[in-house]
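Below, each chain spelled out in residue letters.
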Amino acid sequence: MVLSQRNNCIIKICWILLFLFSSTSTVKPTTLKNVNPFELYPNNITFNVFRDNALVGEHQVTFTKLGKGRFRVNARLKLQVTFLSFPVYKLQYQSNAIWYKGKLKSLNSTTNENGGIFTINVTKKNNRLMVVTKNKEFQTDIDTLPTNHWNPEVLSKNNLINTLTGELSSVRITKLGREKIDIRDRSIFATKYQYSGSIDTFVWYSDRGNWVKMKFKGNDDSNIEYKCIDLSLISI
């Protein structure tokens, strides 16, 4: 019973951590067009993932210049939950996306959940984005963004490509105001947003648009937090 509850909790954790942005926006934050990730995240970005203050994983996003306005975004998540020192749940996620002048051109993601593999492929076709999984395929607007938190433009979107389920999701967002948050042993001010509807969670962005924190409740009422460990954001 204990192991089952833990597994259910962690499954929800993974869905929320990776694919938070899935519901009709009630806030219109400062418009950010053609976001330059190399300015926002000069050292890439890394989060420690905690469950009730216990470290359970790491999420990292890296950026690579490809030339002529193109760049690659690689996102990796590794989670492991143990019970009596034995692993009871494992998840590995990786996505590779190609961007050109602020628009998504392609994305491939693979999720390995306790050995079960699920893949999603997104490509540009006839000025639309084609999303393909083993269960379905559909097209969406060329300006649709994937559910990756690094890009603050997601805060102004109504529909997003869910890179876990391969579905087109909608998002409702409420801006709650600025507050001080900790990055390791130092602090910065960031704006807090609430995502409600099918997902209930909180996300923080710096004044420049850096994703710096996330927090929500697990199925068992445990506290789940993403804590940024990049001290370079202190100067923002």
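In this text, all values refer to a predicted model and were calculated from it rather than measured experimentally.

1. Notes on the pattern of salt bridges
Taken as a whole, this structure holds 4 salt bridges when the rule is applied. As a salt-bridge pair, Asp-207 and Arg-178 come within 2.9 Å of each other at their nearest N and O atoms. Taken together, the residues span a long stretch of sequence, with Asp-207 in the loop between strand S14 (201-206) and strand S15 (211-217) and Arg-178 in strand S12 (residues 172-183) at a distance of 29 residues. Among the ionic pairs, Glu-225 bridges to Lys-213, the shortest N-O distance being 3.8 Å. Here Glu-225, found in strand S16 (residues 223-228), pairs with Lys-213, found in strand S15; they are 12 residues apart in sequence, far enough to count as distant. Exposure class is identical for Glu-225 and Lys-213. Each is buried.

2. Looking at the confidence of the model for the chain
Confidence in the prediction of the chain, expressed as mean pLDDT, is 82, and 81% of residues score 70 or more. At the low end of the mean pLDDT range in the chain sits helix H1 (residues 2-19), at 49; at the high end sits strand S7 (residues 128-132), at 96. Here residues 13-31 scores under 50 on pLDDT; set against residues more than four positions off or in separate chains, the count is 84 contacts.

3. Let's talk about the sheet that holds strand S10 (residues 159-161)
Read from one edge to the other, the open sheet built from 3 strands follows the order S9-S10-S11, with strand pairing classed as mixed. Across the chains shown, the open sheet's two edge strands, defined by having one partner strand only, are strand S9 (145-146) and strand S11 (168-170). When S9 meets S10, the two strands line up parallel, connected through 2 bridges. Pairing of Leu-145 across the sheet is with Leu-160, part of S10.

4. Here we look at the pairing of S12
With 11 bridges connecting them, S12 and strand S13 (residues 186-196) associate as antiparallel partners. The residue of S13 that forms the bridge with Arg-178 is Thr-191. What sits between S12 and S13 in their antiparallel hairpin is a turn of 2 residues, with Arg-184 showing a positive phi close to 55°.

5. Description of the environment of Tyr-89
Position of Tyr-89 among the secondary structure elements: in strand S4 (residues 86-100). Considering only alpha carbons, one finds Tyr-89 and Glu-113, 24 residues apart in sequence, at a separation of 8.0 Å.

6. Regarding the packing of aromatic side chains
Taken as a whole and assessed by the stated rule, the structure comprises 11 aromatic pairs. Judged by centre distance (5.4 Å) and plane angle (80°), the ring pair of Trp-99 and Trp-150 falls under edge-to-face. Of this pair, Trp-99 sits in strand S4 while Trp-150 sits in the loop between S9 and S10, placing them 51 residues apart in sequence. The pair Trp-99 / Trp-150 is uniform in exposure class, with both members buried. Seen in terms of ring centroids, Trp-211 and Tyr-226 are 5.5 Å apart; in terms of plane orientation they differ by 35°. Their pairing is tilted.

About the criteria used
Every residue gets a number counted from 1 within its own chain, in the order that chain's sequence is written. Local features in this predicted model are restricted to residues of pLDDT 70 or higher, and side-chain atom pairs are both shown and tallied only at a pLDDT of 80 or more, whereas totals for entire chains, interfaces and linings draw on every residue. Hydrogen atoms and water are omitted, and side-chain values are computed over all heavy atoms in the structure. The salt bridge definition used is simple: a Lys or Arg side-chain nitrogen within 4 Å of an Asp or Glu carboxyl oxygen. We count a stretch as a helix when DSSP gives it H or I for four or more residues in a row; a strand needs E for two or more, and each element gets its number in order from the N terminus. For the exposure calls, accessible area comes from a 1.4 Å probe over protein chains only, and a residue counts as buried if that area is under 20% of its type's maximum, exposed if over 50%, partly exposed in between. Confidence of the prediction at every residue is given by pLDDT, a number between 0 and 100. Note on definitions: a residue-residue contact is assigned when non-hydrogen atoms from the two residues lie within 4.5 Å. For two strands to be treated as a pair, DSSP must find at least two bridges joining them. Any two rings among Phe, Tyr and Trp, with Trp reduced to its six-membered ring, count as a pair given centres within 6.5 Å; such a pair is stacked if its planes are under 30 degrees apart, edge-to-face if over 60, and tilted if neither.

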